[in-house]
Structures are given as C-alpha cells and as structure tokens.
Amino acid sequence: PAPLPGLPAGTSMPMLAGGRLVGILHLCSAPGRPQVAPGELKVLSILASTAASALERTALVEDLRAAELRYRRLSENAPDVISRYEFAPQCRFAYISPVVEAISGYSPEEYYADPELGIKIVHPEDRALLESVLRGAHPSGSTVTLRWLHRNGSVIWIEQKSILVRGADGGIVAVEGIARDVTERRNMETALRETE
C-alpha cells in the first residue's frame, strides 16, 4: 500500500544529515514488480545518505549567502566607515564601506587601487599614531582619535576603533576597523572652550 495518500506504492528511505531528517527518498514500485531486494535497500540507503548530505550543504551555503547579504546591507548603510585592511598575502583594502567617499572625498575604488591611501590621508602629525595602531602597540578594540585630510583639503576628526586580526603565528594579518567622523563634535567642544 502507498505510505501517503496519492503516493504510489514503493520503498521510502529517510534522508538523514547529522541525525536530522532533511527529506524522504521514495522509490515507486512498478505494478507487479517484486519487493526491493536487500542489496537494493543498501544502495538506496547510500543514495539517501548522499542526497541528504548534498541538501544539507546546499542549505548551509544558502544560509551563508543570506548572512553575507545581511552583513553587506548593514555595512553599506552604516554612517561609519567599516573596513578591513590586510597585510598578507599583500597589503590591501579587502573591504571599505561606500560612506568613506562622503567622509573623505575618496571613493572605495580609489582605496582598493592605492593600498597606501588610508595612510596618505592621515594628517602628517597623526601618522605615527596610526602606524603604532597598525603595529599592534594599542590593545585590539581600542579607540584613537586622529585627523584625516579630506580631498578638498579640509581637516576631518576621526575616532577609529581597530580590531587586530592575528594569524596562527600570532602576527597581525589584518586590521578591521570602524571610523566615525567626529568633526562637528570637536568643533562644538572647541567653540565651547573658547566661549568659556
């Protein structure tokens, strides 16, 4: 008899991945065909297991793509610059959010094309501070305040939080950061001090 209404008679095998049911493989029997032989059951079991693993991997890949899309939407719409700068296998920006253009006057493509741009735009008096952050002289996750030079020549005050990413040998392989434009706040603080 058919295991479910409307499903032709045959043999059903559970498709298990990690002990979790992800589907059912059903082999329909032709009318008058004898029961499935034990050897065929073993083949069906292997086929069901392989198909379950493939379905599980596909679901994991889809979950990963969805998570990446959510992260990208968040980072691309954040008011702060989100970036990842890698030192190996070569020095380069692996990612920098689009808002960097509104803040610095330089597009993400310019940062990708010139790996040194992130240092070049830092005010000369603050470059030693940035270089000390990149060397790991400050605790990972700490915040420093430095000045950037906008493309138009104006000075921008930036609060930059940097997370140091270390490799298996303990060396720094990348810096992930969030940079916030605090120019308006600094200007207000300066005006308040002058008023006092």
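Here goes a summary of the coordinates provided. Quantities reported herein were computed from a predicted structural model and do not represent experimental measurements.

### Digging into the pattern of salt bridges
Here is step 1 of the chain: Overall, the coordinates contain 12 salt bridges when judged by the stated rule.
Here is step 2 of the chain: Residue Glu86 is joined to Arg84 by a salt bridge in which the shortest nitrogen-to-oxygen separation is 2.9 Å.
Here is step 3 of the chain: The class of Glu86 is buried, set by a relative accessible area of 11%.
Here is step 4 of the chain: Overall, the relative accessible area of 24% leaves Arg84 in the partly exposed class.

### Details of the environment of Arg185
Here is step 1 of the chain: Inspection of the secondary structure assignment puts Arg185 in helix H6 (residues 183-195).
Here is step 2 of the chain: We classify Arg185 as partly exposed; its relative accessible area is 41%.
Here is step 3 of the chain: Taking the C-alpha atoms as reference points, Arg185 and Trp157, separated by 28 residues in sequence, lie 9.0 Å from one another.

Cut-off values and rules
- Residues numbered from 1 in each chain as written.
- Predicted model: local features only at pLDDT ≥ 70, side-chain atom pairs only at ≥ 80, totals over all residues.
- Heavy atoms only, no water.
- Salt bridge = Lys/Arg side-chain N within 4 Å of Asp/Glu carboxyl O.
- Buried < 20%, exposed > 50% of the residue type's maximum accessible area, 1.4 Å probe, protein only.
- Helix = DSSP H or I, 4+ residues; strand = E, 2+ residues; numbered from the N terminus.

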